[in-house]
Structure formats: C-alpha cells, structure tokens
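# Report on the structure
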Amino acid sequence: MPKLQEGENLVKMVIPLRNAYRAPRKKRAKVAIRLIRELVARHFHYDGTIKIGEKLNEMIWGRSIEKPPRRVEVAVKVNVEEGKPVEVSVDLPSKESEE
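Attention here is on the structure that accompanies the text. (Residues numbered from 1 in each chain as written. Predicted model: local features only at pLDDT ≥ 70, side-chain atom pairs only at ≥ 80, totals over all residues. Heavy atoms only, no water.)

## With respect to unusual backbone geometry
For serine 64, which is not a glycine, the phi torsion comes out positive at approximately 80°. Along the chain, serine 64 falls in the loop between helix H2 (54–61) and strand E3 (71–81). Among the residues examined, serine 64 registers a relative accessible area of 33% and is labelled partly exposed. Its identity is not glycine, yet glutamate 82 carries a phi of approximately 55°, on the positive side. Along the chain, the position of glutamate 82 falls in the loop between E3 and strand E4 (84–91). The exposed category is assigned to glutamate 82, whose relative accessible area is 77%. (Helix = DSSP H or I, 4+ residues; strand = E, 2+ residues; numbered from the N terminus. Buried < 20%, exposed > 50% of the residue type's maximum accessible area, 1.4 Å probe, protein only.)

Rendered as structure tokens:
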C-alpha cells in the first residue's frame, strides 16, 4: 500500500484490463469494471464499496460490452482516517491533475 496521509489522497494508476478478454464477449465490460474494483481494493487494502466514476464507466462501456479498453489510466481518491482508508473512488484523471 502506498504511504497515504490523513485526509484525501489522489493516486494515479494504470490498470491492465487484458483479463477481461478472457471472459465471453457479452460480459467483457462488466468483467472490466469488476477487475478495476478488485485491483484497487487489493492495492489499498480496502474491503468496502469502491465507487466508479461516471466518466470512467462511460469510457469502459463506450465501445459496447464486447470491446472494453485493454488498459486504462485512472485517478484514485482515497480518504484516510486513523491510518486506514475510509472511502475510495475511481475515475478518469482530470486535466488539472496532469499539470
């Protein structure tokens, strides 16, 4: 787990989604969403609900259920209290955070 400070933290990650292509064609986008949640939960040692942002969701489903992207760059917002993550949300990185 990366070192996180108290309060809100922003972490950029590139998540590979190639394993979604092992699933049947009509389930790939759904599997891609599940893979994102699983990887973020494992990376931040978090067992609660992980929120997927609207823009990220539209990007994954944008080319239909059969053809999700092979990898996606995301920005993960983690709220930390007493050294443990309390709330985790995932979305596409904004233009301001790239600068």
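## Re the nonpolar core
Ranked by internal contacts, the top residues of the largest apolar core, which has 27 residues, are Ile36, Val76 and Val90. Those elements that provide at least two residues to this core are strand E1 (7–16), helix H1 (28–44), strand E2 (50–52), H2, E3 and E4. Setting aside residues up to four positions removed in sequence, isoleucine 36 forms contacts with Ile15, Leu17, Ile52, Leu56, Ile60, Val72 and Val90. (Core = buried A, V, L, I, M, F, W, Y, C linked by side-chain atoms within 4.5 Å. Contact = heavy atoms within 4.5 Å.)

## A word on the packing of aromatic side chains
Scanning the model with the defined rule gives zero aromatic pairs in all. Taking the ring centre of tyrosine 21 as reference, the NZ or CZ of arginine 70 above it sits at 3.7 Å. (Phe/Tyr/Trp six-rings, centres within 6.5 Å; stacked < 30°, edge-to-face > 60°. Lys NZ or Arg CZ within 6 Å of the ring centre and 35° of its normal.)

## So, the sheet that holds E4
Spatially, E1-E3-E4-E2 is the arrangement adopted by the four strands of the open sheet, whose pairing is mixed. This sheet does not close on itself; its edge strands, each paired only once, are E1 and E2. Neighbour-to-neighbour, the strand axes of this sheet turn through a mean angle of 25°, independent of strand direction. Here E1 runs beside E3; their pairing, made up of ten bridges, is antiparallel. (Pairing = 2+ DSSP bridges. Axes fitted to C-alpha atoms, helices over the stretch in contact; angles between N-to-C directions.)

## What to know about the packing of H1 against H2
In helix packing, the relevant descriptors are the interaxial angle and the interaxial distance, both defined with respect to the helix axes. Interaxial distance between H1 and H2 falls to 9 Å at its minimum, and their mutual angle equals 140°. By the angle between their axes, H1 is oblique relative to H2. Relative to H2, the crossing made by H1 is right-handed. Taking contact as the criterion, the partners of Ala29, Lys30, Ala32, Ile33 and Ile36 in H1 are, on H2, Leu56, Asn57, Ile60 and Trp61. Broken down by class, the residue content of the contact of H1 with H2 amounts to seven nonpolar, one polar and one charged. (Parallel < 35°, antiparallel > 145°, perpendicular 65-115°, else oblique. Left-handed = near helix turned anticlockwise from the far one by under 90°. Nonpolar A, V, L, I, M, F, W, Y, C, P; charged D, E, K, R; others polar.)

## Topic: the pattern of salt bridges
Under the defined criterion, the tally for this structure stands at four salt bridges. Here glutamate 66 and arginine 25 are joined by a salt bridge, their closest N and O atoms 3.8 Å apart. One end of the pair, glutamate 66, is in the loop between H2 and E3; the other, arginine 25, is in the loop between E1 and H1, and 41 residues separate them in sequence. For lysine 51, the salt bridge identified is with glutamate 87, shortest N-O distance 3.1 Å. (Salt bridge = Lys/Arg side-chain N within 4 Å of Asp/Glu carboxyl O.)

No statement about biological role is implied by the geometric values presented.
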